[in-house]
Structures are given as structure tokens and as C-alpha cells.
Amino acid sequence: MHPTVISGTGLFRPPHTISNAELVEAFNAYVERFNAEHAADIAAGNVVALQPSSVEFIEKASGIQNRYVMDKAGVLDPGRMYPRIAPRPDEQASLMAEMAVQATQMACEQAGVPTSQIDAVYCAAANMQRAYPAMACEIQALLGAKGYGFDMNVACSSATFGIEQAVNAVRCGSARCALVVSPEITSAHLEWRDRDCHFIFGDTCTAVLVQRAEDVPAGRGWDVLGTQLATQYSNNIRNNFGFLNRCEDSTWQERDKTFRQEGRKVFKEVVPIAAAHIEGHLASLGLQPAQVARFWLHQANLGMNQLVIKRLLGSDVNESIAPIILNEWANTASAGSIIAFHQHSADLTTGALGLICSFGAGYSVGSVAVKRR
Ligand code: CO8
């Protein structure tokens, strides 16, 4: 068994931002238009009038102030309310692969390795833009990488579940330099016309390189101490979009074909699951939460992260213990905890312990314990 190291991380920043004020203005224009168009049915009680959204609610309920998206105009057009993404010919690099290559180049630069050294690619994200060929195979080709690649989806926990696959492959010797890449175009499967969730998500892509420790210069990267994954089936976060839809004679416009959730239930149920998971994982490594210098938690909701930290440490969340990036990025599905790690880890010194933890649909929870080299 070979010891493993996270040697580099990368982050792709989409071209557009949407502030809460811009989002709410567009949403409320859509609501006004919808209610005017359906005035007779609303008056007759056949249609329920839509309610407006508000910046105050969004910030208080979630902590989100902004999100990045691949297309802004389509999302903010009250007559459309979803991104406009041009189809590409098969010969051209696909959008998810393009995002993945940019994030990977940054991770490889940080690690000081050429992309050609990668010999396993895990494209781990909450949605894939096509059924096949696997996104990972295309990313592998664009990077000039060797070995093999495959796609995997465990919703918001895809990246940490991918890291466990990468760590195990490098540990066992079936790969030496494994890439976990998480291109998240959440804007394309979010229902922007539903005020309960229209503010939640943003787009991005992260990349994580896992290498054999002996290949990484001393003092660079993070030793992987261990990974732990768990799932527990729940329908509280669900999206029924899939290849069987055409056989059911339904269209993608139906509400169940984009993201839906019972947000309150998710909040209440996932916080104790995540806190117990982290405690259990650390205990299996002979560690207590108080010994951990930093927790890079999933970025869905500020209040959730505050509660997880309170359960673990009995204290309030602060930027040093558990950095928050969701105010700027919103919930980026599987990429959130990796963005936090990427942006808030350079200041920790040799020997510092850290824990990356994601949680979300499935339910799923995945954690990666690391130690600064
Ligand atoms: N503006 C104004 N009022 C609103 C709005 C709005 N935009 N939205 C709802 N309200 C109203 C509600 O109608 C409700 O009114 P009333 O009391 O009259 O019924 C009131 O505000 C309170 O609503 P909620 O109870 O829903 O508010 P909460 O305080 O619970 O906050 C949250 C809602 C922010 C959604 C919160 O519950 C939450 O964050 N929950 C956890 C969510 C979570 O972690 N989900 C994980 C999903 S991520 C994942 O697993 C990945 C999936 C794959 C990616 C998908 C990409 C698209």
C-alpha cells in the first residue's frame, strides 16, 4: 500500500455573476408577468398566484449573496428563466470538459506535474451533460492523460466520493497520479422559476490531484490520513430527469425534471448525520474534533455549517475553523467543500490537521482527513 498525497487543487470561475438583487428583480418580473397572464384563473381559484422573492429572505435563510453562472442573460430573462447554452458539434470540446481542463491545468501547475502524468480521471459531479461517451474519457483525451477515466454521480458528495476512489487507486498501485474533477453546471438543472430554490445554486468546476507520496516533493501538499463515505436513501432532494422520460411521454419542463427539495427536512436531518459522520471518522483515526485546525465543509447553507461546527466543537463557526465561500459562490453542489479547501488552506503550517466534508442528496456524506506536509 502506498501513502497518498493531495498535491494540487484547481478552480474554474465562470464568466458571469448574478447578485441577489439582480436575481430577485428578474424573478419578481417573471411573477408579475405570470400572475397577469393567469389573472382570470387565479381569480377563479384554478391557479395559485406566485409570490415574490426577496433579497432579505435569501440572505437570512441561506447566507448566499452571489453566484457564478455560465450564462446570465437566459437566467435573468423573465420570458425564459434558464441559461442559454449553444449546442456544439461532436468534434468540438464539450462544455463540461472545457471547464474541467481549465481547473485541472491550475491543479497541475500547483502540483508541478504535467497533465500528461495523470493516469486516472474521475469526473465526479451532480449531473453529466450527456449519457456517453463518459465525460472523463473526453477530459482524459484533452489533457493528454494516460490510464482510464469514468464518470460518477453522488450529487453534492461526488467530489469526496471521487477522492476516495482516487486515493484507493493510488494506494493500491492501479494509478500513480489520479484526477478528481467536478464540473458543476447547476444552473442548467435548477428551477429558476421556483422561489423556494431559485437562489440556491451556482456553477463552477474544481480539480483535485492525488499522487503517490514518494512522487511529491517534501513540504508540498497534504497527506491523506483517511476517507470515509456513507449514504442513506432519502427522497427529500430529488430530480427525475433521465433517459426514461421520453418513454413516459413527459417533457423536461415538468417540475419534477429539475432540482426539488424539502429544504427544512434536509436541514434538520442532514446536520446530525454530517456531525456524527465527522466525529466517527475522526475517532476511527484516533482524533478528536478539537485537534482539527480547519473543516472545509459542504457549502449549502450558512446555518447548517454553523450547527455542524457547534455540535463538533461547541463553538460558533468562524472563518478560521470553517471557511464560508457560499456567500460568493452559492451552493456549487459537489465543488463547494473543494472550493473552500482550495481557497482557504495555504496558510496552514506543517502538521496541521484538516477535514474536507460534503453532504447532500442521497443522502450522502463523504469526508477526507488530511495533514499538511
Ligand atoms: N423569498 C421570500 N420568501 C420565501 C422565499 C423567497 N425566495 N422562498 C421561500 N419563502 C417563504 C416560504 O414560502 C415560507 O413561507 P411560509 O412560512 O409562509 O410558508 C418561508 O419563506 C420560509 O420558508 P422555508 O421554511 O423553506 O425557509 P428555510 O428557513 O427553511 O430556508 C432553505 C430555505 C434555504 C432552502 C433551507 O431550508 C436550506 O438551506 N435547507 C438545506 C438545503 C440543503 O442543504 N440542500 C442540499 C441540496 S444540495 C444537493 O444535495 C445537491 C443536489 C444536486 C445539485 C442540484 C443543482 C441544481
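All of the points below concern the structure found in this document. The structure presented is a predicted model; accordingly, all values stated were derived computationally and were not measured.

## As for the overall build of the protein
Scanning the protein from N- to C-terminus turns up eleven helices and 13 strands. Expressed along its principal axes, the backbone C-alpha trace of the protein runs to roughly 70 × 55 × 35 Å. Within the protein, the proportion of its 373 residues that are buried is 54%. Restricting the contact set of the protein to residue pairs at least 6 apart, pairs at least 24 apart contribute 78%. Accessible area of the protein: about 16000 Å², with a carbon and sulfur share of 52%. For the protein, the centre of its 30 positive side-chain charges and the centre of its 36 negative side-chain charges are spaced 5 Å apart.

## Considerations on the packing of helix 1 (residues 20–37) against helix 3 (residues 55–62)
Put simply, helix 1 and helix 3 touch, their axes get as near as 9 Å, and they point 125 degrees apart. The angle between the axes of helix 1 and helix 3 places the two elements in the oblique class. The two elements helix 1 and helix 3 meet at a crossing, and its hand is right-handed. Residues Asn20, Ala21, Leu23 and Val24 of helix 1 lie in contact with helix 3, whose contacting residues are Val55, Ile58 and Glu59. Taken together, the residues that form the contact of helix 1 with helix 3 break down as five nonpolar, one polar and one charged.

## As for the layout of surface pockets
The calculated volume of the second largest pocket comes to roughly 250 Å³. Around the second largest pocket, the lining is made up of 14 residues, and of these Tyr30, Leu50, Arg193, Asp194 and Arg195 lie nearest the centre. Looking at side-chain class alone, the lining of the second largest pocket contains five nonpolar, two polar and seven charged residues.

## Quick word on the side chain of threonine 258
Along the chain, threonine 258 falls in the loop between strand 9 (237–238) and strand 10 (260–261). Within the structure, threonine 258 has its side chain in polar contact with the side chain of arginine 255 (distance 2.9 Å). If sequence neighbours within four positions are ignored, threonine 258 has contacts with His189, Leu190, Glu191, Arg238 and Asn239.

## Topic: the packing of aromatic side chains
Applying the stated criterion across every chain yields a total of twelve aromatic pairs. Here phenylalanine 201 and phenylalanine 259 contribute two aromatic rings whose centre-to-centre distance is 4.7 Å and whose plane-to-plane angle is 75 degrees, an arrangement assigned as edge-to-face. Placement of phenylalanine 201 in the loop between strand 6 (177–184) and strand 7 (204–212) and of phenylalanine 259 in the loop between strand 9 and strand 10 is noted, with a sequence separation of 58 residues between them. For phenylalanine 201, a relative accessible area of 7% gives the class buried. What makes phenylalanine 259 buried here is its relative accessible area of 11%. Aromatic side chains tryptophan 296 and phenylalanine 341 sit 4.7 Å apart centroid to centroid with 80 degrees between the ring planes, which places their arrangement in the edge-to-face category. Residue tryptophan 296 is found in strand 11 (residues 294–297), and its partner phenylalanine 341 is found in helix 11 (residues 336–343); the two are separated by 45 residues along the sequence. Among the aromatic residues, those joined into a ring-pair cluster are Phe27, Tyr30 and Phe34.

## Concerning the nonpolar core
One finds Ile278, Phe295, Leu297 and Leu355 to be the most contacted residues of the largest nonpolar core, which totals 49 residues. Of all the secondary-structure elements, those providing two or more residues to this core are helix 1, helix 8 (263–284), strand 11, helix 9 (302–313), strand 12 (353–360) and strand 13 (364–372). For isoleucine 278, the residues in contact, after removing those within four places along its chain, are Phe295, Leu297, Val308, Leu312, Leu355 and Cys357. Formed by 35 residues, the second largest nonpolar core is a distinct cluster that contains Leu11, Ala124, Ala169 and Val368.

## With respect to the sheet that holds strand 1 (residues 4–12)
Pairing between the strands of a sheet comes from backbone hydrogen bonds, and it takes one of two forms, parallel or antiparallel. In space, the nine strands of this open sheet follow the order 5-4-6-7-1-8-13-12-11, with mixed pairing throughout. The sheet is open, and its two edges are formed by strand 5 (148–152) and strand 11, each paired on a single side. The sheet shows a mean angle of 25 degrees between the axes of neighbouring strands, taken without regard to direction. In this structure, strand 1 lies alongside strand 8 (residues 222–231), joined through two bridges in antiparallel fashion. Bridging from a neighbouring strand, isoleucine 6 pairs with tryptophan 222 of strand 8. Here helix 6 (residues 135–143) sits on the sheet in contact with strand 4 (120–124), strand 5 and strand 6, set at roughly 140 degrees to strand 5.

## As for the pairing of strand 1
The buried count for strand 1 comes to nine of nine residues, which makes it a mostly enclosed element. With eight bridges connecting them, strand 1 and strand 7 associate as antiparallel partners. Paired with valine 5 across the two strands is glutamine 211, which belongs to strand 7.

## A look at the site of the ligand
Close contacts around the ligand come from 28 residues, with Cys156, Gln261, Arg264, Asn301 and Ala361 the closest. Taking aspartate 196, its side chain carries an N or O atom lying 3.5 Å from a nitrogen atom of the ligand. A distance of 2.7 Å is found between an oxygen atom of the ligand and a side-chain nitrogen or oxygen belonging to asparagine 301. Protein chains shield 76% of the accessible area of the ligand, which is 1200 Å² for the free molecule.

Rules behind the numbers
Residues numbered from 1 in each chain as written. Predicted model: local features only at pLDDT ≥ 70, side-chain atom pairs only at ≥ 80, totals over all residues. Heavy atoms only, no water. Helix = DSSP H or I, 4+ residues; strand = E, 2+ residues; numbered from the N terminus. Buried < 20%, exposed > 50% of the residue type's maximum accessible area, 1.4 Å probe, protein only. Contact = heavy atoms within 4.5 Å. Areas by Shrake-Rupley, 256 points an atom, 1.4 Å probe, with all protein chains shown as cover. Lys, Arg positive; Asp, Glu negative; His and termini not counted. Charge placed at Lys NZ, Arg CZ, Asp CG, Glu CD. Axes fitted to C-alpha atoms, helices over the stretch in contact; angles between N-to-C directions. Parallel < 35°, antiparallel > 145°, perpendicular 65-115°, else oblique. Left-handed = near helix turned anticlockwise from the far one by under 90°. Nonpolar A, V, L, I, M, F, W, Y, C, P; charged D, E, K, R; others polar. 1 Å grid on protein atoms, 1.4 Å probe; cavity = no way out; pocket = protein on both sides within 12 Å on 5 of 7 lines; lining within 4 Å. Points joined across faces, edges and corners; volume = space filled by probe spheres on them. Polar contact = N/O pair within 3.5 Å; in protein donor to acceptor, adjacent residues only side chain to side chain. Phe/Tyr/Trp six-rings, centres within 6.5 Å; stacked < 30°, edge-to-face > 60°. Core = buried A, V, L, I, M, F, W, Y, C linked by side-chain atoms within 4.5 Å. Pairing = 2+ DSSP bridges. Near = heavy atom within 4 Å.

That's the geometry; what it means functionally is another story.
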